[in-house]
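This is what each chain is made of:
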Amino acid sequence: MLICIPNVLTKAQVKDIRQLIDAAEWVDGRVTAGVQSAEAKRNTQLPEDSPAARKAQQLVSLAVGNNPVFLAAALPQKVFPPLFNRYVVGDQFGAHVDNAIRSVKNSPERIRTDLSCTLFLTEPEDYDGGELVIETLFGAQEVKLEAGDLVLYPASSLHSVSEVTRGARISSFFWLQSMVRDDGERTLLFDLDQSIQALVAEKGHKDPEVIRLTGIYHNLIRRWAEGA
Ligand SMILES: O=C(O)CCC(=O)C(=O)O
Ligand SMILES: [Fe+2]
């Protein structure tokens, strides 16, 4: 499932994060790339343990952790501390698939990357190019969202970032391990959750069908979730 989630950050939060990270020191983005993707990657990143990155990481983690659509779609078990990247004119990231396992710096924690996320921190009118192009079963999807919006997509997808030809594209990106590893099962759970929410709005929490469907949702989670 590929899903765009609007307003994960308010414009004021985007401004605060941009102030923090714009003033920091950026390094070659190949520091977190695998062997194949390093060849394809031309951008810069904030070092993961720089003070600015740590503060900005906290703000992004808090916002995604409080977003009900993100939680329902991702069913996160372990979330990689968000990273920050910047593509200036001429930068791009060629086609690649993200590494399957990522180690968290200075920690024994390892995360299986089930889902990849990009949280846009630049308004689309402020740069040309820089689309995130994700291959799906239904063809390539080009994603370029407003600042504060996030795209969540299976980390198994081939994806690329087109060359930036004007301005600069600054984003946060990260991966997560989901409680439900299988994308098809996770998508069914998300669809069921969203239908239950719509039914609750119409009929209330005491409606017998709402109660039964909520039970089915939890019993499917019980069947499919791992390591929770
Ligand atoms: O910048 C993006 O939107 C995606 C970055 C990416 O694909 C990566 O770092 O693996
Ligand atoms: Fe990637």
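To keep things clear, this report deals only with the structure shown in the data block.

Definitions and cut-offs
Residues numbered from 1 in each chain as written. Chains lettered and ligands numbered in written order. Predicted model: local features only at pLDDT ≥ 70, side-chain atom pairs only at ≥ 80, totals over all residues. Heavy atoms only, no water. Axes fitted to C-alpha atoms, helices over the stretch in contact; angles between N-to-C directions. Helix = DSSP H or I, 4+ residues; strand = E, 2+ residues; numbered from the N terminus. Parallel < 35°, antiparallel > 145°, perpendicular 65-115°, else oblique. Left-handed = near helix turned anticlockwise from the far one by under 90°. Contact = heavy atoms within 4.5 Å. Nonpolar A, V, L, I, M, F, W, Y, C, P; charged D, E, K, R; others polar. Near = heavy atom within 4 Å. Polar contact = N/O pair within 3.5 Å; in protein donor to acceptor, adjacent residues only side chain to side chain. 1 Å grid on protein atoms, 1.4 Å probe; cavity = no way out; pocket = protein on both sides within 12 Å on 5 of 7 lines; lining within 4 Å. Sits in = over half its atoms within 2 Å of the grid points. Points joined across faces, edges and corners; volume = space filled by probe spheres on them. Pairing = 2+ DSSP bridges.

At their nearest, the axes of helix α1 (residues 11–22) and helix α3 (residues 51–65) sit 9 Å apart, and the two run at 165° to each other. Relative to α3, the element α1 lies roughly antiparallel. As α1 packs across α3, the resulting crossing turns out to be left-handed. On α3, the residues that touch Ile17, Leu20 and Ile21 of α1 are Ala52, Lys55, Ala56, Leu59 and Val60. Residue classes in the contact of α1 with α3 are distributed as seven nonpolar, no polar and one charged.

This part takes up the site of ligand 1. Close contacts around ligand 1 come from Asn85, Tyr87, Phe93, His96, Asp98, Thr118, Leu132, His159, Val161, Arg169 and Phe173, and that covers them all. In the model, an oxygen atom of ligand 1 is placed 2.9 Å from a nitrogen or oxygen of the Asn85 side chain. A distance of 3.2 Å is found between an oxygen atom of ligand 1 and a side-chain nitrogen or oxygen belonging to His96. Placement of ligand 1 is best described as lying within the largest cavity. When residues of the shell around ligand 1 are traced back to their parent elements, those giving at least two are β6 (83–87), β7 (92–96), β15 (159–161) and β17 (169–178).

The next thing to look at is empty space enclosed by the protein. Scanning the entire structure with this criterion turns up one cavity of 30 Å³ or more. If you add up the space inside the largest cavity, you get close to 240 Å³. Every residue lining the largest cavity is counted, 25 residues in all, and those nearest its centre are Phe93, His96, Asp98, His159 and Phe173. For the lining of the largest cavity, the secondary-structure elements that each account for two or more residues are β6, β7, β10 (115–120), β15 and β17. Within the lining of the largest cavity, the residues separate by chemical class into 11 nonpolar, 10 polar and four charged.

Turning our attention to the sheet that holds strand β13 (residues 139–143). Ordered by their spatial adjacency, five strands build an open sheet running β3-β7-β15-β12-β13, and the pairing between neighbours is antiparallel. Lying at the two open borders of the sheet, with one neighbouring strand each, are β3 (41–42) and β13. Here strand β12 (residues 132–136) runs beside β13; their pairing, made up of five bridges, is antiparallel. Bridge pairing in β13 places Glu135 opposite Ala140.

Let us look at the layout of surface pockets. Its volume calculated, the largest pocket comes out at about 190 Å³. Taken together, Met1, Leu2, Glu135, Thr136, Leu137, Phe138, Gln141, Pro154, Ser157 and Asp183 make up the lining of the largest pocket. Its residues assigned to classes, the lining of the largest pocket comprises five nonpolar, three polar and two charged.

Okay, the packing of helix α5 (residues 183–203) against helix α6 (residues 208–224) next. Across the interface, α5 lies against α6 with an axial gap of 10 Å and an inter-helix angle of 160°. With respect to α6, the element α5 is oriented roughly antiparallel. Relative to α6, α5 is oriented so that their crossing is left-handed. In this structure, α5 contributes Glu185, Leu188, Leu189, Leu192, Asp193, Ile196, Leu199 and Val200 to the contact, and α6 contributes Val210, Leu213, Thr214, Ile216, Tyr217, Leu220, Ile221 and Trp224. Classifying every residue of the contact of α5 with α6 gives 13 nonpolar, one polar and two charged.

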